[in-house]
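Each chain is listed here by its residues.
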Amino acid sequence: MPVERELAHDPTFRNPNAVQLKIYNFVAIDPNAETQGMSRGGRRDQAAWDEFAGDEDRLKVAADAIRANLRMIAPADADVDEEDIADAPEGRILTRIHRVRERNRALVEKKKQQVLNAEGRLACEGCGFDFAFTYGEHGKGFIECHHTIPVATLRPGSRTKMVDLALVCANCHRMIHRHSQWLTIRELQAITSDGDRTQFVLPRRSL
C-alpha cells in the first residue's frame, strides 16, 4: 500500500503467510473462537479488535473505503501526515488518504479559481480571514483546502466535486482536524462567530 511504501520492497511484508499469522492473533483475542490462535499479538491488535469486533457493518465500510481509496493515490502522495492532526474514527490510513485528497493541487487550484470568479477574493469559509488583505501581495492566492466528504463514505470511481471542497485558513483547517470527530464547516462557523472575539494585532518588532 502506498501509505507504507517504505516497506513495499520487503518480500515478507504482508505476504499471505504474514496475513494468516495476523489473523491468528485476532483468533487468540476472539472469545468465541473455536481454535486457540496465536497469543503473541500486541496492544494494537487488541485495540483494533475492541474497536471493530462489535460493529461488523462499520468494519466493512472502513475496509471497503481503504481498498477503494488506496487505488486513487500514488506512492509519492502518501507522506502527508501531521502528528498533531487526530485520526478520524475510521483510522490512520483513511486519515492519511483524506489529507492526500485535500492536497490535490489540480483540484485546489480549480476550487480557488471558481471562488475567485464568483467572489473576487479568497476568504476562509470558517472565519473570513483573507490572506491577501492581511499580507498584501505576499498572501495573494494563498489559502488551504478542506475535503468535506469523509473518505470512508467514498466508493470506487467516485469523483470529488467542487462543492465537496471548502477553502479555509491554516488555523481553521487545524481546528477542523484537531479531534477524531472532525468539525463540519457549519460547526466551525458557529465556533468562530460565537461571542465577541475581538482580534488585535501585536506591534511588529525587528528581528
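Caption draft 1: Local environment of the confidence of the model for the protein chain. For the protein chain, the mean per-residue pLDDT works out to 81, and 81% of the residues sit at or above 70. Within the protein chain, no element has a lower average pLDDT than helix 4 (residues 92–102), which sits at 79, and none a higher one than strand 2 (residues 165–168), at 96. Within the model, the stretch residues 197–202 combines pLDDT values under 50 with two contacts to residues more than four positions away or in other chains.

Caption draft 2: Quick look at the environment of Trp-49. Inspection of the secondary structure assignment puts Trp-49 in helix 2 (residues 43–52). Residue class for Trp-49 comes out partly exposed when judged on its relative accessible area of 22%. Considering only alpha carbons, one finds Trp-49 and Ile-29, 20 residues apart in sequence, at a separation of 7.7 Å. If we ignore the near neighbours within four places in the chain, the residues touching Trp-49 are Phe-26, Ile-29, Asp-30 and Pro-31.

Caption draft 3: View of the pattern of salt bridges. This structure, assessed with the given rule, holds six salt bridges. Where Asp-45 meets Lys-22, a salt bridge forms, and the shortest distance between an N and an O atom there is 2.9 Å. Separated by 23 residues along the polypeptide, Asp-45 in helix 2 and Lys-22 in helix 1 (residues 16–29) bring together distant segments of the chain. Looking at Asp-45, the relative accessible area reads 7%, which means it is buried.

Parameters and conventions
Residues numbered from 1 in each chain as written. Predicted model: local features only at pLDDT ≥ 70, side-chain atom pairs only at ≥ 80, totals over all residues. Heavy atoms only, no water. pLDDT = per-residue confidence, 0-100. Helix = DSSP H or I, 4+ residues; strand = E, 2+ residues; numbered from the N terminus. Contact = heavy atoms within 4.5 Å. Buried < 20%, exposed > 50% of the residue type's maximum accessible area, 1.4 Å probe, protein only. Salt bridge = Lys/Arg side-chain N within 4 Å of Asp/Glu carboxyl O.

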